[in-house]
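An overview of the molecular structure
Below are the chains, spelled out letter by letter.
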Number of protein chains: 2
Amino acid sequence: MAVSARRGAPLTLEEISTTALRLMDEGGVEGLSMRKLAAALDVNPMSLYHHVDNKEALIRLICSTAAQRMELPPDDGSPWRDQLRALGLAYHRNAVEHPAMWSYLHDHPEIIADRKLVLWQTLYRILRLAGIPEPELRRTSDVLHAFVTGFVIAETKGHLPVDEAERDFDTAIRLIIEGLAGLAR
Amino acid sequence: MAVSARRGAPLTLEEISTTALRLMDEGGVEGLSMRKLAAALDVNPMSLYHHVDNKEALIRLICSTAAQRMELPPDDGSPWRDQLRALGLAYHRNAVEHPAMWSYLHDHPEIIADRKLVLWQTLYRILRLAGIPEPELRRTSDVLHAFVTGFVIAETKGHLPVDEAERDFDTAIRLIIEGLAGLAR
DNA sequence: ACCTGAACACCGTTCAAGT
DNA sequence: ACCTGAACACCGTTCAAGT
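Residues numbered from 1 in each chain as written. Chains lettered and ligands numbered in written order. Predicted model: local features only at pLDDT ≥ 70, side-chain atom pairs only at ≥ 80, totals over all residues. Heavy atoms only, no water.

**A closer look at the UniProt feature "DNA-binding region" (unreviewed entry) in chain A**
What UniProt calls "DNA-binding region" (unreviewed entry) maps, in this numbering, to residues 33–52 of chain A. Span residues 33–52 of chain A is 35% helix and 0% strand, its end C-alpha atoms 13 Å apart. (UniProt positions renumbered as here; feature names shortened; annotations may be inferred. Helix = DSSP H or I, 4+ residues; strand = E, 2+ residues; numbered from the N terminus.)

Structure follows, in structure tokens:
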């Protein structure tokens, strides 16, 4: 069977990636090492390389699966301003949960480049509602995504008092909404 | 004298930090190591610790001096929209020169927390011109800084064709300008 | 197929010793 | 005051060997 000497069951990719994400959540990017991950899984460090090419591929795996699983607001028919705010809140919630992952994603945007991801589809839908013309959707969604990601990362590191953070978020989202309305005009 | 065995002159903090920044520019954060830096300076790795507490302190030094030296547009009396665009361009230019440094700064905002930095003073001045009320300056400048930093970092990693990048920048700055005008209303 | 230990080439940093 | 070499506790990863 060649199952690990120290544990009963064989490793799974799922198990590897959730544990790795936990390590990143707890200790930042530098909190995740192949050796610590192996220790957390009670396995020899080298076993990991049978499931993953290398550390970079592992982090990419974490990021892309987490991005795919992000809970995003469905189209509930409400005005685009409300839907945009809800999307911003979803980003914010996720960034608070996985700050290191978001920082990594921000530095490696190619990981979520695929426009078929729910993340982009949701943004496209809202931008269409806001009146952004079709040929500008790619550009506008890129800009908005960069803005919101930039904001939630900064917010996460800022350790502001909670009510300040809420007012900051409000300012950010209002600025975007007013800006979009202006662009669409 | 106790000058280095391999080189003539004693190390200076200036020399250390400019060489370190060059290494970061060339190879990202992971391109800068205490040992590579020492090699580039033709010095024993341990000599560095006589000028700098540790690697983190070194990077903080690089970032804060570079932030202080950033060339920002002076108040030339032009409309705030033009001045904001000029400031955005200055950010963008700097981010293209030092992408790794900006990523690090984005993840460690406390390094440039001091509101007396020209960076913040310039932003405050433009926001006042735009009609943002005094008690909202801190919040609005934080949001805007996060947006623009988020954007220029994303832009830097995106390797878009140049003319696409220019149109992206234009969309970003217009969105901010329209948004600010809306907020001030 | 999956796991493992030893080994290699790197890190950051401490410490005691040199001038 | 400034520099240095040896050493320690970490990394990621390769490779040959085990079941």
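After that view, the rundown keeps rolling.
**Brief notes about the pattern of salt bridges**
A side chain with one charge can pair with a side chain of the opposite charge if their charged atoms come near. All names here are of chain A. Following the criterion strictly, the structure yields 34 salt bridges over all chains and no others. Notably, a salt bridge pairs Glu 56 with Arg 60, separated by 3.8 Å at the nearest N-O pair. A residue pair is termed a helical-turn pair when its members lie 3 or 4 positions apart in one helix, as Glu 56 and Arg 60 do in helix α3 (residues 55–69) at four residues. Accessibility expressed as a relative area gives 29% for Arg 60, which makes it partly exposed. (Salt bridge = Lys/Arg side-chain N within 4 Å of Asp/Glu carboxyl O. Buried < 20%, exposed > 50% of the residue type's maximum accessible area, 1.4 Å probe, protein only.)

**Observations regarding the relation of the copies chain A and chain B**
For the pair chain A and chain B, the best superposition has an RMSD of 0.0 Å and corresponds to a rotation of 180 degrees with a translation of 0.0 Å parallel to the axis. Such values leave the two copies arranged in the relation of a two-fold axis. (Least-squares fit on C-alpha atoms with pLDDT ≥ 70 in both.)

**A look at the interface of chain A and chain B**
Counting from both sides, the interface comprises 31 residues of chain A and, opposite them, 31 residues of chain B. Of all residues in chain A, the largest losses of buried area upon contact with chain B belong to Arg139(A), Phe147(A) and Leu175(A), amounting jointly to 24% of the total for that side. Here chain A and chain B share 12 salt bridges between them. One salt bridge connects Arg139(A) with Asp168(B), and the closest N-O pair in it is separated by 2.7 Å. Our count for the contact surface shared by chain A and chain B stands at nine residue pairs in polar contact (both at pLDDT 80 or more). Secondary-structure elements contributing two or more residues to the side of chain A that touches chain B are α5 (99–107), α7 (137–158) and α8 (162–184) of chain A. Considering every element that reaches the side of chain A that touches chain B, the biggest residue donor is α8(A), with 13 residues. (Contact = heavy atoms within 4.5 Å. Buried area = accessible area lost by both parts, 1.4 Å probe. Polar contact = N/O pair within 3.5 Å; in protein donor to acceptor, adjacent residues only side chain to side chain.)

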